[in-house]
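Each chain, written out:
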Amino acid sequence: MTKTIRAAAAAAILTSGLGSVGCVGTGTSGRPTIEDRARNVYDPCYPERYNHAARQAVLAPFAQQVHNGHVLNHTIFTYYFETGSDKLTSAGTEKLDSIVRTRPAPDPKLYLQTATDLPMTDANAAKIVDLRSELDGKRAAAIQKYLASVTTFAPVSFEIYVHNPATPGINAEFTANPYRSSGQGYRGGITGSIGGGATGTGGGGGTRGTSLTSPAGTGGGSGTVAPR
């Protein structure tokens, strides 16, 4: 029993000593220090080490999501060119201008969607891959040529990578409907009356509490709550 108490006291002393020097201690004599011996018994970095690992596990998926969004934002899609051509449209030049103006400095990595707007037919089925690859090269050269003509204080050497992402977007009705109704002011989607049991708009038809009249246009709708 005495030996156990002594061992516990020694561990407590080691713990308090290590807490003042941090998780890692090194000796200057070349011999194992008391901190080195203590690390064979317990982890002096608990719980910071495990908190860090848990934090990274939670943030990693969000970091990947941010990266994916960044790649899509720096992608020159096929609709920025005239169909089947390497000529940039006005939307394409505006897109490149917005990338060049990024602060504090533009990302030198750009991405080009492969020429999926070049349709496959019976006549070109055997060489469609080569045709798209050739058009990809021409479009990359057109991008480089335009970027070189844009005036910048610190010219950037851009690299262009070809990939084939899905075009991002959402149904326009989700944004069009709120925009069309914005002129009418805010309109809530939940109606009801005080107490939840009022008869009238939004009420459940039940009775609850004392008699209360909810005037129209205030609270959760019009109706009365009858006494029990």
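Located above this text is the structure these notes cover.
Residues numbered from 1 in each chain as written. Predicted model: local features only at pLDDT ≥ 70, side-chain atom pairs only at ≥ 80, totals over all residues. Heavy atoms only, no water.

Asker: Can you help me understand the overall build of the chain in this one?
Answerer: The helix and strand inventory of the chain stands at six helices and six strands. By the burial criterion, 23% of the 228 residues in the chain qualify as buried. Put simply, 53% of the contacts in the chain that link residues at least 6 apart link residues at least 24 apart. Surface summary for the chain: the accessible area is close to 16100 Å², and the carbon and sulfur share equals 58%. (Helix = DSSP H or I, 4+ residues; strand = E, 2+ residues; numbered from the N terminus. Buried < 20%, exposed > 50% of the residue type's maximum accessible area, 1.4 Å probe, protein only. Contact = heavy atoms within 4.5 Å. Areas by Shrake-Rupley, 256 points an atom, 1.4 Å probe, with all protein chains shown as cover.)

Asker: Sorry if this is basic, but what is going on with unusual backbone geometry here?
Answerer: A negative phi angle characterises most non-glycine residues, just as the trans form characterises most peptide bonds. A cis amide bond links Arg-103 to the next residue, Pro-104, at an omega of 0°. For Pro-104, the position within the fold is in the loop between helix H4 (90-100) and strand E2 (109-113).

Asker: Please clarify how the nonpolar core should be interpreted in this entry.
Answerer: Ile-76, Phe-81, Leu-96, Leu-110, Leu-112, Ile-143 and Leu-147 are the most contacted members of the largest nonpolar core, which totals 15 residues. Setting aside residues no more than four positions away along its own chain, Leu-110 makes contact with His-74, Ile-99, Ile-143, Leu-147, Phe-158, Glu-159, Ile-160 and Tyr-161. (Core = buried A, V, L, I, M, F, W, Y, C linked by side-chain atoms within 4.5 Å.)

Asker: Would you explain the sheet that holds E2 in this entry?
Answerer: Strand order across the open sheet formed by three strands is E1-E2-E3, with parallel pairing between neighbours. Each edge of the open sheet is held by one strand with a lone partner, namely strand E1 (75-76) and strand E3 (159-163). Judged from the five bridges that link them, E2 and E3 form a sheet pairing that is parallel. Residue Leu-112 lies in a different strand from E3, and its bridge partner there is Val-162. (Pairing = 2+ DSSP bridges.)

Asker: Please clarify how the packing of aromatic side chains should be interpreted in this entry.
Answerer: In this description, an aromatic ring pair is defined by two values, namely the gap between the centres and the angle between the planes. Counting across every chain of the model gives four aromatic pairs. For the pair Tyr-46 and Tyr-50, a centre-to-centre distance of 5.7 Å together with 55° between the ring planes defines the contact as tilted. Judged by relative accessible area, which is 57%, Tyr-46 ranks as exposed. Classification of Tyr-50 by relative accessible area gives partly exposed; the value is 43%. Ring geometry for Tyr-79 and Tyr-80: centres 4.8 Å apart, planes at 55°, overall tilted. Given the relative accessible area of 44%, Tyr-79 is considered partly exposed. (Phe/Tyr/Trp six-rings, centres within 6.5 Å; stacked < 30°, edge-to-face > 60°.)

Asker: Would you mind showing me how to read the packing of H4 against helix H5 (residues 128-149) here?
Answerer: In helix packing, the relevant descriptors are the interaxial angle and the interaxial distance, both defined with respect to the helix axes. Interhelical geometry of H4 versus H5 gives an angle of 55° and a closest axis separation of 11 Å. With respect to each other, H4 and H5 are oriented oblique. Read as a crossing pair, H4 and H5 show a hand that is right-handed. In this structure, H4 contributes Thr-93, Leu-96, Asp-97 and Val-100 to the contact, and H5 contributes Ile-143, Tyr-146 and Leu-147. Across the contact of H4 with H5, the residue classes tally to five nonpolar, one polar and one charged. (Axes fitted to C-alpha atoms, helices over the stretch in contact; angles between N-to-C directions. Parallel < 35°, antiparallel > 145°, perpendicular 65-115°, else oblique. Left-handed = near helix turned anticlockwise from the far one by under 90°. Nonpolar A, V, L, I, M, F, W, Y, C, P; charged D, E, K, R; others polar.)

Asker: Sorry if this is basic, but what is going on with the side chain of Arg-139 here?
Answerer: Within the secondary structure layout, Arg-139 lies in helix H5. By relative accessible area, Arg-139 is classed as buried at 0%. When near neighbours in sequence (up to four residues on either side) are disregarded, Arg-139 contacts Thr-78, Phe-81, Glu-82, Gly-84, Ser-85, Asp-86, Leu-112, Ala-115 and Asp-117.

Asker: Could you clarify how one ought to interpret the side chain of Thr-75 in this entry?
Answerer: Locating Thr-75 in the fold gives a position in strand E1. For Thr-75, a relative accessible area of 0% corresponds to the buried category. Side-chain polar atoms of Thr-75 contact the backbone oxygen of Val-71, separated by 2.7 Å. Contact partners of Thr-75, with chain neighbours within four places excluded, come to Tyr-80, Lys-95, Tyr-111, Gln-113, His-163 and Pro-165. (Polar contact = N/O pair within 3.5 Å; in protein donor to acceptor, adjacent residues only side chain to side chain.)

Asker: I'm lost on the pattern of salt bridges in this one. Help?
Answerer: Where charged atoms from two side chains of opposite charge approach closely, those side chains can pair. Summed over the entire model, instances satisfying the criterion amount to four salt bridges. Between Lys-87 and Glu-82 there is a salt bridge, with its nearest N and O atoms 3.9 Å apart. On the basis of relative accessibility, which here comes to 36%, the residue Glu-82 falls in the partly exposed class. Notably, a salt bridge pairs Lys-138 with Glu-134, separated by 3.7 Å at the nearest N-O pair. Taken together, the positions of Lys-138 and Glu-134, both in helix H5 and four residues apart, correspond to about one turn of that helix. (Salt bridge = Lys/Arg side-chain N within 4 Å of Asp/Glu carboxyl O.)

Asker: Teacher, can you tell me more about the pairing of E2 here?
Answerer: In summary, the side chains of a regular strand alternate between the two faces of the sheet. With four of five residues buried, E2 is to be regarded as a mostly interior element. Where E1 lies against E2, two bridges are found, and the strand directions are parallel. Looking at E2, one finds that Ile-76 is bridged to Leu-112. For the segment spanning E1, H4 and E2, crossover handedness is right-handed. (Right-handed = clockwise from strand over helix to strand, strands pointing away.)

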